[in-house]
Amino acid sequence: MKFGGTSVADGASLSRVVDIVESSYVAGNEVAVVISAQRGVTDQLITMATELANSPDSSGIGPFINSLRVRHGKVLLESAEDYADEVGILLEEQLCNLENILNAVHNLRELTPRSRDYIITFGERLNSLVVSAAFRQREIPSTTLDGCEAGIVTTSNHGEAMALPEGEGKIRSRVLPLLTGMVPVIMGFMGCTEKGIVTTLGRSGSDYSAAIIGAAIGADEILIWTDVDGIMTSDPRLIPDARVIQTISYLEVMELSYFGAKVMHPRSIEPAMKKNILVRVKNTFNPDHPGTAIVRGEKRDSRVVKALTYIEKVALVNICGAQMIGRPGVAKAIFSQLADRDVNVMMISQGSSEANITLVIEESQEDTAREALAVLLNQGMVREVTTNRDVCAVAVVGAGMAGAKGTGGRIFTALGNGGVNVMMISQGSSEVNISFVVTQADGPKAMRILHDEFRLSEEDDE
Ligand code: ADP
Ligand code: ASP
Ligand code: MG
């Protein structure tokens, strides 16, 4: 069971977490818990570390450490009074450690990817101590493990590390023995390299941690507890009448999360899919709701389109030049230049005239992409590279679209009728996803139009 930041914001919400775990544990299940940071703490750690590396002023460290002390201390007192002293000391140790590292970052004015990763794991380090104490307060024996102790071995690409199969045996040998007679609380979002260097798994990485651990120990079920009833037809903050989806396939969720649906980490499906483990997304604040079941079957229900998602903060890169026509190797050169600089290409489209290739990348990588492509401009391989940041990508997802005729027509007719101009279109070969790019301003409107066109707010008989 993985609980997100919102599930543990205060004593009242943490007590719901303990209720959920307790009822499963008392019913005879073996439960491993993965916990993420309290909401907002990871963001604060990132901001603080970045500022300290770039500014002569370090006066923010003390108040920041104190705010973490107060925040976690309060939940500890509310949820685990009997352990307040014992665990309070452990929290202080962590805070002292964090303060020292932040001072070091400031003194050196240097934040390496490695030190950044270590710093941003403190949200999970602090929170897990509080959660574990709350279990003990309710007489559920519990202990904490950081991601490394739990056996998660990763690649060394800091900030976006991926789990390596080498960790599987370690996870089994470290976590399985703890499942009898206690509930281990594992810090999400982090692992370590084979040499023991701390890494993080990317933002929202606790979902991925839960999937890695669940897959390694052969869990019957991986439960992702969050603050909404399940995976919805769209981000409920954007489309208030979005509806909870009862059953969805691994592939569909992968497409949704890859295209920005914040509800799950994009890589968190893969480990579960490999082992065919049922993943369920449920609401900590409404545990009786069945939530969403994520399963293998690409069930083709009556609905061709199941959900919509969109990503802001992308950039459109347009590469043109008649030189590209019929010349083998241009695409290869483009992609290898980008890959050499770690630019992740999210969408690709090439016109049949071959005179232009359009790509979608993360907005933060625009400058790097420009540098990479300047090499090809200088070589005369392409004539012009233009970029546009004022755009967003929308993805329309549904296993039912595979082979269903006319879905593309319906999407683009509805958008056209609504006055939305589509700047680029791309359809993956899986046909589970049709995605397109519109201006930032048109994004929410496009989502609304399609949510209505495919009647996604209406209940169905899945
Ligand atoms: P947690 O702290 O539990 O990890 P997150 O904030 O990471 O929670 O993810 C849950 C949030 O994702 C929801 O509150 C919701 O606003 C947002 N969200 C975005 N797209 C979707 C979607 N398609 N279905 C459900 N929630 C979504
Ligand atoms: N705390 C981390 C983040 O904010 C991981 C997570 O929430 O899953 O990204
Ligand atoms: Mg999350």
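Just above, that's the structure.
Since we're looking at a predicted model, the values are computed, not measured. One numbering rule holds for all chains: residues counted from 1, following each sequence as written. Written order decides the labels, with chains lettered from A and ligands numbered from 1. Only residues with pLDDT of at least 70 get local features here, since the model is predicted, and only at 80 or more are side-chain atom pairs given and counted; chain-wide, interface and lining totals rely on the full set of residues. Note: side-chain values were computed over all heavy atoms of the structure, leaving out hydrogens and water.

A.B. asks: Explain the site of ligand 1 residue by residue, including any values.
C.D. replies: We call a residue near a molecule or strand when any one of its heavy atoms sits within 4 Å of it. Around ligand 1 sit 18 residues in total, of which R39, T226, D227, M232 and K262 are the nearest. K2 is positioned with one of its side-chain polar atoms (N or O) 3.0 Å from an oxygen atom of ligand 1. Only the protein chains shown count as cover for residues, with accessible areas throughout obtained via the Shrake-Rupley method and a probe of 1.4 Å. For ligand 1, whose free accessible area comes to 570 Å², the fraction covered by protein is 93%. Each residue is assigned to one class: nonpolar for Ala, Val, Leu, Ile, Met, Phe, Trp, Tyr, Cys and Pro, charged for Asp, Glu, Lys and Arg, and polar for all the others, Gly among them. Along the lines of polarity and charge, the residues of the shell around ligand 1 split into six nonpolar, six polar and six charged. Contacts described as polar in this section are N or O atom pairs within 3.5 Å, which, within protein, must combine one atom able to donate a hydrogen with one able to accept it, while residues neighboring in sequence count only if both atoms come from side chains.

A.B. asks: With reference to specific residues and values, describe the state of the cysteines.
C.D. replies: By disulfide we mean two sulfur atoms from cysteines, separated by a distance within 2.5 Å. Inspection of the entire model under this criterion finds one disulfide. Covalent S-S linkage joins C148 and C192, the inter-sulfur distance amounting to 2.0 Å. In this structure, the disulfide formed by C148 and C192 twists by about 65° around the S-S bond and is classed as right-handed. In this pair, C148 sits in the loop between strand 3 (142-145) and helix 7 (167-175) while C192 sits in strand 5 (residues 190-192), placing the two residues 44 residues apart along the sequence. For C148, a relative accessible area of 24% corresponds to the partly exposed category. With relative accessibility at 5%, the residue C192 sits in the buried group. Under the scheme used here, helices are H or I runs from DSSP no shorter than 4 residues and strands are E runs no shorter than 2 residues, and both carry numbers assigned from the N terminus. Type-normalised accessible area, obtained with a 1.4 Å probe on protein chains alone, sets the label of each residue: buried when under 20%, exposed when over 50%, and partly exposed for intermediate values.

A.B. asks: Tell me about the sheet that holds strand 15 (residues 424-427), and name the residues and values.
C.D. replies: With antiparallel pairing, the six strands of this open sheet are ordered in space as 12-13-11-14-16-15. The outermost strands of the open sheet, each flanked by one partner alone, are strand 12 (345-350) and strand 15. The mean angle between the axes of side-by-side strands here comes to 30°, regardless of whether they run parallel or antiparallel. Strands are treated as partners if at least two bridges between them are detected by DSSP. Bridge count for strand 12 against strand 13 (residues 356-362) is five bridges, and the pairing is antiparallel. Within the sheet, the bridge partner assigned to M347 lies in strand 13 and is V360. Contacts are assigned to residue pairs with any non-hydrogen atoms lying within 4.5 Å of each other. What counts as an axis is a line fitted to C-alpha atoms, over the stretch in contact for a helix, and the angles between N-to-C directions run from 0 to 180 degrees. Packing against the sheet, helix 13 (residues 407-417) makes contact with strand 14 (384-397), strand 15 and strand 16 (433-439), and its axis sits at approximately 15° to strand 16.

A.B. asks: Please set out the site of ligand 2 residue by residue, giving values where relevant.
C.D. replies: If you check the shell around ligand 2, you find S36, A37, T42, E124, F189, R203, S204, G205 and S206 and nothing else. With respect to ligand 2, the side chain of T42 contributes an N or O atom lying 2.8 Å from a nitrogen atom. In this structure, R203 approaches ligand 2 through a side-chain N or O atom, which is 2.7 Å from an oxygen atom. In isolation ligand 2 exposes 260 Å². Once the protein is present, 85% of that is buried. Residues of the shell around ligand 2, tallied by class, amount to two nonpolar, five polar and two charged.

A.B. asks: Account for the nonpolar core, with residues named and values stated.
C.D. replies: Residues enter a nonpolar core if they are buried and are Ala, Val, Leu, Ile, Met, Phe, Trp, Tyr or Cys, with the set joined through side-chain atoms within 4.5 Å. Ranked by internal contacts, the top residues of the largest apolar core, which has 52 residues, are V175, I231, M264 and I294. The greatest single-element share of this core, amounting to seven residues, is contributed by helix 8 (residues 205-217). In this structure, M48, I61, I65 and V87 belong to the second largest nonpolar core, which totals 49 residues.

A.B. asks: Go over the packing of aromatic side chains with me, naming the residues and quoting the values.
C.D. replies: Under the pairing criterion, centres of Phe, Tyr and Trp rings, with the six-membered ring standing for Trp, must be within 6.5 Å; the plane angle then separates stacked pairs below 30 degrees from edge-to-face pairs above 60, leaving the rest tilted. Scanning the model with the defined rule gives four aromatic pairs in all. Each ring, one from F3 and one from W225, has its centre 5.9 Å from the other, and the planes form 10°; the classification is stacked. Taken together, the positions of F3 in strand 1 (residues 2-3) and W225 in strand 7 (residues 221-226) put the pair 222 residues apart, joining distant regions of the chain. Each of the two residues, F3 as well as W225, counts as buried. Aromatic pair Y118 and F122: ring centres 5.4 Å apart, planes at 75°, arrangement edge-to-face. The ring of F122 has R125 sitting right over it, with the charged end atom 5.6 Å from the ring centre. Here, a charge over a ring means that NZ of Lys or CZ of Arg falls within 6 Å of the ring centre while also lying within 35 degrees of the ring normal.

A.B. asks: Explain the pattern of salt bridges residue by residue, including any values.
C.D. replies: In the sections that follow, a salt bridge refers to a side-chain nitrogen of Lys or Arg positioned within 4 Å of a carboxyl oxygen of Asp or Glu. The final tally for this structure, using the stated rule, is 20 salt bridges. Notably, a salt bridge pairs R136 with E86, separated by 3.1 Å at the nearest N-O pair. Here R136 is found in helix 6 (residues 122-137), whereas its partner E86 is found in helix 4 (residues 84-108), with 50 residues between them in sequence. Ionic pairing is found between K306 and E252, a salt bridge with its closest N-O pair at 3.3 Å. Here K306, found in the loop between strand 10 (292-295) and strand 11 (307-320), pairs with E252, found in helix 9 (residues 250-258); they are 54 residues apart in sequence, far enough to count as distant. Given a relative accessible area of 6%, K306 falls into the buried group. Judged by its relative accessible area of 1%, E252 is buried. Residues joined by salt bridges that share partners form a network here, namely E363, E366, R370 and R389.

A.B. asks: Tell me about the side chain of E366, residues and numbers included.
C.D. replies: Relative to the helices and strands, E366 is located in helix 12 (residues 366-378). Residue class for E366 comes out buried when judged on its relative accessible area of 8%. The contacts of E366, once residues within four sequence positions are left out, are A315, I361, T387 and R389.

A.B. asks: Which residues make up the sheet that holds strand 2 (residues 33-35), and what values do they have?
C.D. replies: What the eight strands build is an open sheet, ordered 3-4-2-1-7-9-10-8; its pairing is mixed. Bordering the open sheet on either side are strand 3 and strand 8 (247-249), each of which pairs with just one other strand. Examined bridge by bridge, strand 3 and strand 4 (residues 183-187) share four bridges and lie parallel to one another. Residue pairing for strand 4: T143 is matched across the bridge by P184. Each of strand 1, strand 2, strand 4 and strand 7 touches helix 8; the most contacted strand, strand 7, lies at about 160° to it. Helix-sheet contacts for helix 9 involve strand 8, strand 9 (278-283) and strand 10, and the interaxial angle to strand 8 is about 80°.

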